[in-house]
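Listed below are the residues making up each chain.
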Amino acid sequence: MNRGFYTIMAAQFFSSLADNALLFVAIDLLVTMKSPAWITPLLKLSFTLFYVLLAAFVGAFADSMPKGKVMFISNLIKVAGCLLIFAHVHPLLAYALVGFGAAVYSPAKYGILTELLPAEKLVAANGWVEGLTVMSIIFGTVMGGKLVGGQVSSFLLGFDFPLIDTGIDTPPEAALCVVVGIYMLAALFNTRIPDTGCVYGHQERNPVKLITDFANCYGLLWKDKLGQISLAVTTLFWGAAQTLQFIVLEWANRTLKLTYEQSTSLVGVVAIGVALGAVLSARFISLRKSLNVIPMGIAMGVIVMSMTLVKSVALAYPLLILVGLLGGFFLVPMNALLQHRGHVLMSAGHSIAVQNFNENLSILTMLAMYSLMLRGHLNLDVIIVLFGLFLAGTMFFIMRKHAANQREFDSVALIGELKH
């Protein structure tokens, strides 16, 4: 690992920290506006929408210039999204623009890893990436709740600049100033990311050809015996993880009777487990053994269902840490394998764009279903059981599919092969 890698990690940490803090500031804004509960999941849905809509284009954009520059531009777009909230634009629309910046950012932040590091270091690198990303989720979740809480917001609003009227008079506005500052810090680190010297040649600009090229890459990755398994697992995980975030928030409020600030801390507990799982898998699971972790996903789904039996905060904490740990343990090796196969079969930016399309389509679908269940006043315990059954059942199907692939030929032997 070199200095460039750690600079990328710092940039990623602060950008993700701001993304997650902003989410909970925006949720508080919706609560203040007295929006119905089913609107809240749509906030994350608006954020992920551009990941799907721009999937055919962001890969080519990420490969058209040094990836540090792409990440810098993306963070400026996120700042513009924050400024829209200052202009009293609805949080759903403002957070959608932040999602636009994140969609442009993602192929660059992951694609640069395959340019900078050899295949044998990708699992360890992904352990760092996912570990730091999850740490940013923990701190961002807690920070978002604290920034709009009475104590911190009073402190922020207490700042007084002589002869200057900032116009910042509410807790969400004060919180947004902190978030913008973190985005600018991330942008500063972006300017220090080294140019890897990896050049992909002329990138297509014709929208029709870009969509055709994306469709070809999409088909190539899904037809690959290793690509389809790792892509299926990561697609399921991110849809489940983002939905679980909102389920835990609602569960903490309804079942455990926690305040909003306390509920955000409980959401952060899941992320602590993911960070532990990411560190453990990076330490003990090699790229060649990455497919051995699939049963962890089945166990995660089963344990999620046991949330319906928990009525105390003391039991909630270890349960949610365990759920997160299992998720982090199977995510990191699958993510590394998917990046490796994408780099072997196509360019880094294009493979990450295909991954983002699938993962965020999963997030959109699962959040939309959760929102519809809430709007239909379905019992929360029933929602949790259905969620756990879907997660465990789908992971079991993926495990059977991999076993069937192995009976045809040893696809695991492809791990570590050179770029085509």
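About the cut-offs
Residues numbered from 1 in each chain as written. Predicted model: local features only at pLDDT ≥ 70, side-chain atom pairs only at ≥ 80, totals over all residues. Heavy atoms only, no water. Helix = DSSP H or I, 4+ residues; strand = E, 2+ residues; numbered from the N terminus. Contact = heavy atoms within 4.5 Å. Areas by Shrake-Rupley, 256 points an atom, 1.4 Å probe, with all protein chains shown as cover. Buried < 20%, exposed > 50% of the residue type's maximum accessible area, 1.4 Å probe, protein only. Phe/Tyr/Trp six-rings, centres within 6.5 Å; stacked < 30°, edge-to-face > 60°. UniProt positions renumbered as here; feature names shortened; annotations may be inferred. Salt bridge = Lys/Arg side-chain N within 4 Å of Asp/Glu carboxyl O. pLDDT = per-residue confidence, 0-100. Disulfide = S-S within 2.5 Å.

Here we take up the overall build of the chain. A tally of regular secondary structure across the chain gives 15 helices and zero strands. Considering only residue pairs separated by 6 or more positions, the chain has 85% of its internal contacts joining residues 24 or more positions apart. Only carbon and sulfur atoms are counted for the fraction: they give 68% of the accessible area of the chain, which is about 17300 Å².

For the rest of this paragraph, the subject is helix α3 (residues 55-62). By the criterion of burial, α3 is predominantly enclosed, with six of the eight residues buried. Within the span of α3, buried status applies to A55, A56, V58, G59, A60 and A62.

Attention now moves to the packing of aromatic side chains. Two aromatic rings are characterised by how far apart their centres lie and by the angle between their planes. The final tally for this structure, using the stated rule, is 11 aromatic pairs. Pairing Y218 with F357 gives two aromatic rings, centres 5.9 Å apart and planes at 80 degrees, and the pair type is edge-to-face. Here the residue Y218 occupies a position in helix α9 (residues 207-223), and F357 occupies one in helix α14 (residues 348-375), the gap between them amounting to 139 residues. On the basis of relative accessibility, which here comes to 29%, the residue Y218 falls in the partly exposed class.

Moving on: the UniProt feature "transmembrane region" (unreviewed entry) in the chain. The feature "transmembrane region" (unreviewed entry), as annotated in UniProt, sits at residues 42-62, 83-105, 229-252, 264-285, 292-310, 316-338 and 382-399 in this numbering. Each end of residues 42-62 is marked by a C-alpha atom, and these two atoms are 27 Å apart; helix forms 95% of the span and strand 0%. Note that residues 292-310 is 58% helix and 0% strand, and that its end C-alpha atoms are spaced 30 Å apart.

Before going further, it helps to spend a moment on the pattern of salt bridges. Side chains carrying opposite charge are able to pair once their charged atoms draw close together. All told, the structure shown has four salt bridges when counted by the stated rule. The salt bridge involving R341 is made with D224; its shortest N-O contact spans 2.7 Å. A residue pair is termed long-range when its members are at least 10 positions apart, and R341 in helix α13 (residues 313-345) and D224 in the loop between α9 and α10 (225-254) qualify at 117 residues. Exposure remark for R341: the relative accessible area of 1% places this residue in the buried category. Since its relative accessible area comes to 10%, D224 is described here as buried.

Our focus in this paragraph is the confidence of the model for the chain. Predicted confidence across the chain gives a mean pLDDT of 82, with 87% of residues reaching 70 or more. Here helix α7 (residues 150-157) is the element of the chain with the lowest mean pLDDT, 64, and helix α15 (residues 380-408) is the one with the highest, 91.

Quick look at the state of the cysteines now. Inspection of every chain in the model, using the stated rule, returns zero disulfides. The thiol sulfur of C82 is not disulfide-bonded, and the nearest other cysteine sulfur, from C177, lies at 9.8 Å.

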